Protein chains: 2
Amino acid sequence: MGSHKRKYAIGVDIGGTKILACVLDKHFDILSEVKIKTKPDKGERFFIKTLTDAIRQALRDAKITAKEVVGIGMGCPGFIDPDTGVVAGSPNIHFLKHYPLAKRVSKALGIPVTLGNDVQTGLYGEHQFGAAKGFDNVVGIFMGTGIGGALILNGKPYRGTSGSAGEVGHVQLDPMGPACGCGQTGCLEAYAGRLAISAEAAVAVARQQAPHLAKKSGTDIRAIKSGALARAIRAGDRAIEDILRAKAKRVGTVMANLVNILNPDMIVLGGGVVEAMPSLIAKRAEKTMRTIALPSSSKHVKVAIAKLGDHSIVMGAAKRAEDVFGEKRRGDPKNG
Amino acid sequence: MGSHKRKYAIGVDIGGTKILACVLDKHFDILSEVKIKTKPDKGERFFIKTLTDAIRQALRDAKITAKEVVGIGMGCPGFIDPDTGVVAGSPNIHFLKHYPLAKRVSKALGIPVTLGNDVQTGLYGEHQFGAAKGFDNVVGIFMGTGIGGALILNGKPYRGTSGSAGEVGHVQLDPMGPACGCGQTGCLEAYAGRLAISAEAAVAVARQQAPHLAKKSGTDIRAIKSGALARAIRAGDRAIEDILRAKAKRVGTVMANLVNILNPDMIVLGGGVVEAMPSLIAKRAEKTMRTIALPSSSKHVKVAIAKLGDHSIVMGAAKRAEDVFGEKRRGDPKNG
């Protein structure tokens, strides 16, 4: 196969708003990086062209040919079968429905492709190269617009029976709680996802309790992003800080339940909300977790902030491409 | 080693009130069974003598010599290191504290001994021989005086970082809920363990809403056992039935969270409360779980009642002895 010459891997982060494609060398250092808007409303053909163009551009930027690449790893939101590379459904890219995305990209570029769920791929990146490196039993909690999660158990990604394990955002905290996007009520995401946080912040603005946020973002929850919340807190909006503390307590409660169930050695917190206010959220969540969880389990767990930021998915995906298509672990596609 | 001649295994269930010792043949059929009271108040020497006497009696009853036994497997409540056979602590047998139980029994009898947590061992029995046979990702929930739990993931017992994974009884449902034995409030066990159920049933008796239970058990919660609750329901005590339904809903809520987190293919329900009222509890709990859990995960999970009853720990323990000390899997003590 000549794969001994294939010393580069490509990692791709496919999001609903942007695609990030990188070429990585054998040390998983990033050699090139292409970012492009996804524009899912333009349909499937445009999407595939955008995606493959971004990868080709990343190759050109790194001065690498397709023949030197061991494989492409991609992470994508939604329900994905990592063994077949088929997307069962994706929340923001509507045409990805029972769609053989890995096969399409592989055919277009002549490079083997492996595909995984974005959150699971990102946690794999953190486990291989970031905050969870060296830990065996890892829970990843990613607070963005929603709240995603993933698990590493006994040193390997754990996906469950049908690939959808780790949905910590839909742990129910209170059946009388707010409506969640999943159709249920009182899920962690319905309390502490960015949309829920922004909604509560908008109420504080409307009540004239958050003058700094009022000036910058107003009461439109779409305008109240994580960075705006962090800036308002730094500028002195105590009402916003109180909201974030309360949300972090919710996250900590779910963390305690996860500690009691899984007895992990590491909990990694990431996502836009955490990145904007890392210590505020992590400290309060950790404190709550340690108050509630059984000491026999909680004394063995550490809490850390994700380290790789925007590169966690790209790096996890590239590592998985190496796992699946590289020489050493060929034929073990479930690892990664 | 001559282990090809060793075709019998011994399984022992060490409980706070009774010890059950069985000799099993190579098909894991039970050849003999000795049940004896534990009497932990009589101290450590008496305990070890009782335990080893029970095992010797089981050997005599089966007409087997120690030389024909591949090993002894034991299950015991508390925090246990299955690799060393040391009990860190056990709730009902106070002198088992940093106690090398496996080594003591092995020395006394001249037979190798492996020791595990009772709930984890019982679920392993159900996985190898009972309701969970053939399933890969199994959650076990055992409703007794408290609520215990254990996990099988990717076909193997999952114990977590320090051996205490699976504590589903201490998932917090409501921080404002009733006090739990663990020191927290609102844990599943504080709502739906047998003590909590009996307490609520006693209130119904005191309110004269449960005439049948009043006649048989009165208002002493120690007298209100699972069998008494089941008989009262069969006799027509609607108030007691309503209590059990509400408790099963609590269990179903936690089951839903476990389904979202672990994406299992099987949930096994067992323990005295479930055995006394299997369909009442399992049906309501399953219905609640299916209402709350994400359909993408819940459609892959089955719910079943534990099949092995009082023999689940004995059979799981004997199988683990075979795993650890038998010829085929020698040197892989973590499996089982």
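Please refer to the structure placed before this passage.
Described in the following lines is the structure provided in the data block. (Residues numbered from 1 in each chain as written. Chains lettered and ligands numbered in written order. Predicted model: local features only at pLDDT ≥ 70, side-chain atom pairs only at ≥ 80, totals over all residues. Heavy atoms only, no water.)

## Some points on the overall build of chain A
Next up, step 1: Within chain A one finds 12 helices and 12 strands.
Next up, step 2: On C-alpha atoms alone, chain A measures out to a radius of gyration of 20 Å, which is about the 20 Å that the 2.2 N^0.38 rule sets for 336 residues.
Next up, step 3: In chain A, which comprises 336 residues, the proportion classed as buried is 60%.
Next up, step 4: Across chain A, contacts joining residues at least 24 apart in sequence account for 62% of those joining residues at least 6 apart.
Next up, step 5: Of the accessible surface of chain A, which amounts to about 14200 Å², a share of 51% is contributed by carbon and sulfur atoms.
Next up, step 6: A gap of 2 Å separates the mean positions of the 48 positive and 30 negative side-chain charges of chain A. (Helix = DSSP H or I, 4+ residues; strand = E, 2+ residues; numbered from the N terminus. Rg over C-alpha atoms; globule rule 2.2 N^0.38 Å. Buried < 20%, exposed > 50% of the residue type's maximum accessible area, 1.4 Å probe, protein only. Contact = heavy atoms within 4.5 Å. Areas by Shrake-Rupley, 256 points an atom, 1.4 Å probe, with all protein chains shown as cover. Lys, Arg positive; Asp, Glu negative; His and termini not counted. Charge placed at Lys NZ, Arg CZ, Asp CG, Glu CD.)

## Considerations on the sheet that holds strand S1 (residues 8–14) of chain A
All names here are of chain A.
Next up, step 1: Taking strand neighbours across the sheet as the criterion, the 5 strands line up as S3-S2-S1-S4-S7 in an open arrangement whose pairing is mixed. Only two strands of the sheet have a single partner each, and these edge strands are strand S3 (30–37) and strand S7 (113–117). Within the sheet, the average angular offset between the axes of one strand and its neighbour, ignoring direction, is 15°.
Next up, step 2: Two elements, strand S4 (residues 69–76) and S7, share 5 bridges in a ladder whose sense is parallel. Considered in S7, the bridge of Ile-72 is made with Val-113.
Next up, step 3: Along the sheet, helix H1 (residues 44–62) makes contact with S1, strand S2 (18–24), S3 and S4, crossing S3 at roughly 150°. (Pairing = 2+ DSSP bridges. Axes fitted to C-alpha atoms, helices over the stretch in contact; angles between N-to-C directions.)

## Describing the pattern of salt bridges
All names here are of chain A.
Next up, step 1: A complete count under the given rule lists 17 salt bridges over all chains for this structure.
Next up, step 2: Ionic pairing is found between Arg-238 and Asp-242, a salt bridge with its closest N-O pair at 4.0 Å. With a gap of 4 residues between them, Arg-238 and Asp-242 both fall in helix H8 (residues 238–262), about one helical turn apart.
Next up, step 3: Classification of Asp-242 as partly exposed rests on a relative accessible area of 39%.
Next up, step 4: Residue Lys-319 pairs with Asp-323 through a salt bridge whose shortest N-O separation is 2.7 Å. (Salt bridge = Lys/Arg side-chain N within 4 Å of Asp/Glu carboxyl O.)

## What to know about the sheet that holds strand S9 (residues 147–153) of chain A
Strands in a sheet are paired, the pairing made by backbone hydrogen bonds, and the direction either parallel or antiparallel.
All names here are of chain A.
Next up, step 1: Spatial ordering of the open sheet is given by S10-S9-S8-S11-S12, a layout of 5 strands whose pairing is mixed. Each edge of the sheet is formed by a strand with only one pairing partner; in this case those strands are strand S10 (156–158) and strand S12 (302–305). Between one strand axis and the next, the sheet turns through 25° on average, direction left out of account.
Next up, step 2: Of the strand pairs in this sheet, strand S8 (residues 138–143) and strand S11 (residues 266–270) are connected by 5 bridges, and their pairing is parallel. Paired with Gly-140 across the two strands is Val-268, which belongs to S11.
Next up, step 3: Most of the contacts of helix H10 (residues 278–292) go to S12, to which it runs at about 165°, and overall it touches S8, S11 and S12.

## Considering a positive patch on the surface
Residues and elements named next belong to chain A.
Next up, step 1: Residues Lys-215, Lys-216, Arg-231 and Arg-234 make up a contiguous surface patch of positive charge.
Next up, step 2: Of all the secondary structure elements, the ones that give two or more residues to the positive patch are helix H6 (211–216) and helix H7 (226–235).
Next up, step 3: Arg-234 sits in the exposed class, given a relative accessible area of 64%. (Patch = residues over 30% accessible without salt bridge, like charges linked within 9 Å, V, L, I, M, F, W, Y side chains within 5 Å.)

## Observations regarding helix H3 (residues 118–129) of chain A
Three or four residues apart is the spacing at which side chains of an α-helix point the same way, because the helix has 3.6 residues per turn.
Residue and element names in this part refer to chain A.
Next up, step 1: Across its 12 residues, H3 extends 16 Å between first and last C-alpha, which sits within 8% of the 16 Å expected from 1.5 Å per residue.
Next up, step 2: With respect to burial, H3 is a largely interior element, 11 of its 12 residues being buried.
Next up, step 3: Along H3, the residues classified as buried are Asp-118, Val-119, Gln-120, Thr-121, Gly-122, Leu-123, Tyr-124, Gly-125, Glu-126, His-127 and Gln-128.
Next up, step 4: Capping of H3 at its N-terminal end is provided by Asn-117; its side-chain oxygen lies 2.9 Å from the backbone amide nitrogen of Val-119. (Expected span 1.5 Å × (residues − 1). Polar contact = N/O pair within 3.5 Å; in protein donor to acceptor, adjacent residues only side chain to side chain.)

## What to know about the pairing of strand S2 (residues 18–24) of chain B
Residues and elements named next belong to chain B.
Next up, step 1: Of all 7 residues in S2, 6 are buried; the element is thus mostly enclosed.
Next up, step 2: Pairing between strand S1 (residues 8–14) and S2: 6 bridges, direction antiparallel. Its bridge partner lying in S2, Ile-10 is registered against Val-23.
Next up, step 3: Between the end of S1 and the start of S2, which pair antiparallel, lie 3 residues.
Next up, step 4: In textbook terms, the turn of a hairpin is the stretch between consecutive antiparallel strands, and for S2 and strand S3 (residues 30–37) this stretch comprises 5 residues, one of which, Phe-28, has a positive phi near 65°.

## Comments concerning the packing of aromatic side chains
Residues and elements named next belong to chain A.
Next up, step 1: Applying the stated criterion to the full structure yields 4 aromatic pairs over all chains.
Next up, step 2: Ring centres of Phe-28 and Phe-129 lie 5.0 Å apart, and the angle between their planes is 40°; this geometry places the pair in the tilted category. Taken together, the positions of Phe-28 in the loop between S2 and S3 and Phe-129 in helix H3 put the pair 101 residues apart, joining distant regions of the chain.
Next up, step 3: The aromatic ring of Tyr-99 is capped on one face by Arg-104, whose charged end is 5.1 Å from the ring centroid. (Phe/Tyr/Trp six-rings, centres within 6.5 Å; stacked < 30°, edge-to-face > 60°. Lys NZ or Arg CZ within 6 Å of the ring centre and 35° of its normal.)

## What to know about the relation of the copies chain A and chain B
Next up, step 1: Aligned on chain B, chain A shows an RMSD of 0.0 Å; the corresponding rotation is 180° and the shift along the axis is 0.0 Å. Taken together, the rotation angle and the small translation identify this as a two-fold axis. Within chain A, A:Leu173 has its C-alpha nearest the rotation axis, a separation of 3.4 Å.
Next up, step 2: Both copies share a contact surface, since 100% of the interface residues of chain A are interface residues in chain B too. (Least-squares fit on C-alpha atoms with pLDDT ≥ 70 in both.)

## A look at the packing of helix H1 (residues 44–62) of chain B against helix H2 (residues 101–109) of chain B
All names here are of chain B.
Next up, step 1: The geometry of H1 relative to H2 is characterised by a closest axis approach of 10 Å and an angle of 55° between their N-to-C directions. For the element pair H1 / H2, the angle class is oblique. Judged by the sense of rotation from one axis to the other, the crossing of H1 with H2 is right-handed. The residues of H2 that touch H1, namely those facing Glu-44, Phe-47, Ile-48, Leu-51, Thr-52, Ile-55 and Arg-56, are Leu-101, Arg-104, Val-105, Ala-108 and Leu-109.
Next up, step 2: The residue inventory of the contact of H1 with H2, partitioned by class, reads 8 nonpolar, 1 polar and 3 charged. (Parallel < 35°, antiparallel > 145°, perpendicular 65-115°, else oblique. Left-handed = near helix turned anticlockwise from the far one by under 90°. Nonpolar A, V, L, I, M, F, W, Y, C, P; charged D, E, K, R; others polar.)

## What about the packing of H3(A) against helix H12 (residues 312–325) of chain A?
Residue and element names in this part refer to chain A.
Next up, step 1: Taken N-terminus to C-terminus, the directions of H3 and H12 make an angle of 80°; their axes are 7 Å apart at the nearest point. Classified by the interaxial angle, the pair formed by H3 and H12 is roughly perpendicular. On H12, the residues touching Asp-118, Thr-121, Gly-122, Tyr-124, Gly-125, Glu-126, Gln-128 and Phe-129 of H3 are Ser-312, Ile-313, Met-315, Gly-316, Ala-317, Lys-319, Arg-320 and Asp-323.
Next up, step 2: Considered class by class, the residues forming the contact of H3 with H12 number 5 nonpolar, 6 polar and 5 charged.

## Observations regarding the interface of chain A and chain B
Note on interface size: it is often stated as the accessible area lost on association of the parts.
Next up, step 1: With 36 residues of chain A at the interface, the matching set in chain B holds 36 residues.
Next up, step 2: Interface of chain A and chain B: buried area, both sides summed, is about 2900 Å²; carbon and sulfur atoms make up 54% of it.
Next up, step 3: Together, A:Tyr158, A:Thr161 and A:Ile261 form the three largest contributors to the area buried by chain A at its contact with chain B, with a combined 22%.
Next up, step 4: Across the contact surface, chain A and chain B share 0 salt bridges.
Next up, step 5: On inspection of chain A and its partner chain B, the count reaches 30 residue pairs in polar contact (both at pLDDT 80 or more).
Next up, step 6: Elements represented by at least two residues in the side of chain A that touches chain B include exactly S9, H8, H10 and helix H11 (295–298) of chain A.
Next up, step 7: With 6 residues, H8(A) is the single largest residue contributor to the side of chain A that touches chain B. (Buried area = accessible area lost by both parts, 1.4 Å probe.)

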